[in-house]
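Structural description and commentary
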Amino acid sequence: MSMIKKVFKQMIWTQILSAMTVTLCLLVDNIMIGRFLGEDSIAAYGLTSPVLLIFAAFGAMVSAGIQVVCSKTIGKGDEKGTDACYTVSVLLSVGISLVALALVFIMPDQICTLLGAGSPTAGNTVFWLTKDYLIGFIIGAPAFIFAQIMVPYVQIVGEQKRLILAVVAMTIADIGLDLLNVLLVKAGMFGMGLASSISYFIAVGVGLTYFFSSKCIFTFRIVKDKMLKTAGGLLKQGFPTVVNQISLVLLVYVLNRLLLDVSGNSGVAAYAVISTVSNICYCFGSGIAAVALTLSSMFYVEQDKTSLYEVVRTMTKYGVVINAIVTVIVLLIAPILIGIFLNDSTSGVKEMAVFGVRLFSLSLVSCAMCTTLKNYYQGTARTGFTQLISILQNFVFVVLFAFILSRFIGTTGIWISFFAGETMTFLVTLCIIFYKRKKIAVNTEALALLDEDFGVPDEDIFESEVTTIEEISASSIALGEFCKDHGEDDKTSYYISLCMEEITANIIKHGFGKDNKDHRIDIRYVIKKKKRTLRIRDDCQIFDPVSYFELHENDAPSETIGIRVVMSLAKDANYINLLGLNNLTLVF
C-alpha cells in the first residue's frame, strides 16, 4: 500500500466522524422529536433546516478555507502565515456567531414566516414549535460554528483521537439531555434545541484541550502584514463551499414548498426524516471529499503530479465502494431506520419516508463522485468548476426534476429527483472534463484535469519508495545516476545521493520497528530550472532533524555526523509534520 493510500485510509473514518459533528445532534433531535413530540413537531423541525444550513454554510466556508490555506502555509514552513490563518478563522467564527444570534433573537417571527411556518396566530401550532426550536438551537451558534473550524486544525496535526472523543462526548450529552427534556423538564421544542446547543459546547470543550496544550502549533496573534491577505485567502478558498451549502439551503426551502403543495405537513415531516438520514449518509462521501481537499491542496502546492494522480485513484475507489455498501444497507434496513424516528401513530408519514429514503439511497454513489471531484478541483485551484458542480448538484437538477416529476407522480417524483439530479450532475461533469481535455476518457489522468504544463516534466523527477536498507542502497545509486544524466558532475551527484542515503538510513534505524507497524519512506528529487530539491517523507513517529541539529550543533561531531553532513551540503533545509507525516525538504 502506498503512503498516500495509507494516509487516506487513516484519515477517512476520522473525517467521516468529523463530518457528523454538525449532523449528529440534529439526528438525535429528530429521533427524539419523532418518538415523543409528534408530527407537527417533526414538520417544525424540518422547516428550521434552511436557517441551520445557512449558518452551517458559513462555518463550512471557513473550514474549507482553512484546509487549503493552512495546508499551504504549513507546507511552505510559513509560521506567521499559519498563525494568521488560525487567528483570522477564530475571529471570523466569532463574527458569524454574533450575526446568527442577533438575527434570530431580533426577528424570529419574520424568519419563521419566511420558512413557511405561517403567521404567529394562536392556532398555528407549527409556527410556535418552529420558533421555539430555532431559538433553543441558535444559543449554541458559537459552539456550532467553532466546532466546524476546529476540525481541520486538529486533523492537520494528526489529533484524530481527540476528534473522535469530542464527537462521542457530544452525542452522549445530546441523547441524555434530550431524554431529560422529554421525560422530566418537558420544555418541548425549545428544550430540544437547547440540548443540541449544550452538546456542541461540550464537543468544543473537548477539542479546545489541544489548543491550550503545549503540543499546539497554532498561536492566536495579530500578524499585521498578513491578516487581510489571509482573510481574503480563507474566503476565496472557502467560497465554493458556501456556494455548495447555500444551494442546499435553497433546495430544502423549495422542496419544502413543493411538498406542502403536494402532500401538506405529512410530506414535510417525511422529508425532515429523510433529510436527517441523508445527512448521515452524505457524511461518508463528504468525509472522503474532505481528505481529498486537504491532500490535493498540499500536493498541488508541491506540484506533485504523481501524488495528485494517486489521490484521484484512491478517492474514487473509496467513494464508490463505501457508498455502494451504504446504499445496500439503507435499501435493506429502511423500515428499521425510519422506525427509529417515527412511531406507529404517524403511520402515513412513516410509509412515505421509508419509500422516499430507499429512492434517495440510489443517489449516494453518484453523489460521492460529484462531491469528491468538486473538493479535489477546489484543492487544485479550479474553484469555478467546483462552484458549477455544487449549483448543479445541490439545486438546479434536483429542483428541475422535482418540479416536473411532482406534477405527474406527486411525492414519488420528488423522491426520484435526488437520484436523477445527482446522476445528471455527474454526467455533465464528465462532459465538461471531456471538453476541456478534448478527448473522451474516464481514467485517473482525465479526472485529475491538470494542465499539460503543470509541475515538472517527468524526465526531471526522480521518485522512489523504500522500506529496507537494501532498497536505500539501490535508490542511492539510481539517484546518483539520475543526477549525472542531468548534467551534474560526479562529486555533486555523489553528495546528493549521500544526503538521501544518510537521512533515509537514519529513519529506518530510529523510526522503523518502534511500534510494530509497517512503514515506508517516499523519496522525490526534482530539478526545476537551477533549483534542485530533495523531499523525503515518512510515516514514522515525529522527528524534526532540522531542530535536532540546531539543538545539538555544539555536541561532539561524531554523535551527529550524519545530520551534520546533510546540513553542510544542503543550501536550505525545512521540516514539517503534516497529517502525521514527517516531511524534510533539502534544497541544493
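The notes below deal with the structure included here. (Residues numbered from 1 in each chain as written. Predicted model: local features only at pLDDT ≥ 70, side-chain atom pairs only at ≥ 80, totals over all residues. Heavy atoms only, no water.)

**Notes on the pattern of salt bridges**
- Tallying each qualifying case throughout the model produces 14 salt bridges.
- Across the pair Asp-225 and Lys-80 runs a salt bridge, and its minimum N-O distance is 3.5 Å. Of the two residues, Asp-225 sits in the loop between helix H8 (188-211) and helix H9 (227-301) while Lys-80 sits in helix H3 (residues 79-106), which places them 145 residues apart along the sequence.
- For Asp-225, a relative accessible area of 56% translates into the label exposed.
- Residue classification places Lys-80 among the partly exposed residues on the basis of a relative accessible area of 36%.
- Here Asp-522 and Arg-535 are joined by a salt bridge, their closest N and O atoms 2.3 Å apart. Pair noted here: Asp-522 is in strand E2 (residues 521-528) and Arg-535 is in strand E3 (residues 531-538), with a separation of 13 residues, a long-range link.
- Here Arg-535 falls in the buried class, since its relative accessible area comes to 6%.
- Salt bridges linked by common partners bring Asp-304, Glu-463, Asp-522, Arg-524 and Arg-535 together as one network. (Salt bridge = Lys/Arg side-chain N within 4 Å of Asp/Glu carboxyl O. Helix = DSSP H or I, 4+ residues; strand = E, 2+ residues; numbered from the N terminus. Buried < 20%, exposed > 50% of the residue type's maximum accessible area, 1.4 Å probe, protein only.)

**What about the nonpolar core?**
- Phe-218 and Leu-295 are the most contacted members of the largest nonpolar core, which totals 155 residues.
- At 28 residues, the largest contribution of residues to this core is made by H9.
- Counting 25 residues, the second-largest nonpolar core is a separate cluster that includes Leu-479, Met-500, Ile-507 and Leu-534. (Core = buried A, V, L, I, M, F, W, Y, C linked by side-chain atoms within 4.5 Å.)

**Concerning a positive patch on the surface**
- A cluster of basic residues, Lys-528, Lys-529, Lys-531 and Lys-571, forms a positive patch at the surface.
- The exposed category is assigned to Lys-571, whose relative accessible area is 73%. (Patch = residues over 30% accessible without salt bridge, like charges linked within 9 Å, V, L, I, M, F, W, Y side chains within 5 Å. Areas by Shrake-Rupley, 256 points an atom, 1.4 Å probe, with all protein chains shown as cover. Lys, Arg positive; Asp, Glu negative; His and termini not counted. Charge placed at Lys NZ, Arg CZ, Asp CG, Glu CD.)

**Considerations on the sheet that holds E2**
- The 5 strands are arranged E1-E2-E3-E5-E4 in an open sheet whose pairing can be described as antiparallel. Looking at the sheet topology across the chains shown, the edges are occupied by strand E1 (461-466) and strand E4 (572-578). Looking at each pair of strands side by side, their axes are set apart by 15° on average, direction ignored. (Pairing = 2+ DSSP bridges. Axes fitted to C-alpha atoms, helices over the stretch in contact; angles between N-to-C directions.)

**Looking at helix H13 (residues 383-409)**
- Counted at 1.5 Å a residue, the expected span for H13 with its 27 residues is 39 Å, and the 37 Å between its end C-alpha atoms agrees.
- At Leu-392, H13 shows its maximal kink, close to 45°.
- Within H13, the full set of buried residues consists of Phe-385, Thr-386, Ile-389, Ser-390, Leu-392, Gln-393, Asn-394, Phe-397, Val-398, Val-399, Ala-402 and Ser-406.
- Following H13 by one or two positions, Gly-410 adopts a phi angle in the positive range, close to 60°. (Expected span 1.5 Å × (residues − 1). Bend = angle between axes of the 7 residues up to and from the residue.)

**Looking at the packing of helix H16 (residues 469-485) against helix H17 (residues 490-511)**
- Running from N to C, H16 and H17 point in directions that differ by 155°, and their axes come no closer than 8 Å. Classed by the angle they form, the pair H16 and H17 counts as roughly antiparallel. The chirality of how H16 crosses H17 is right-handed. Counted together, Ile-469, Ile-472, Ser-475, Ser-476, Leu-479, Gly-480, Cys-483 and Lys-484 of H16 and Asp-490, Ser-493, Ile-496, Ser-497, Met-500, Glu-501, Thr-504, Ala-505 and Ile-508 of H17 form the full contact between these two elements.
- Taken together, the residues of the contact of H16 with H17 sort by class into 8 nonpolar, 6 polar and 3 charged. (Parallel < 35°, antiparallel > 145°, perpendicular 65-115°, else oblique. Left-handed = near helix turned anticlockwise from the far one by under 90°. Contact = heavy atoms within 4.5 Å. Nonpolar A, V, L, I, M, F, W, Y, C, P; charged D, E, K, R; others polar.)

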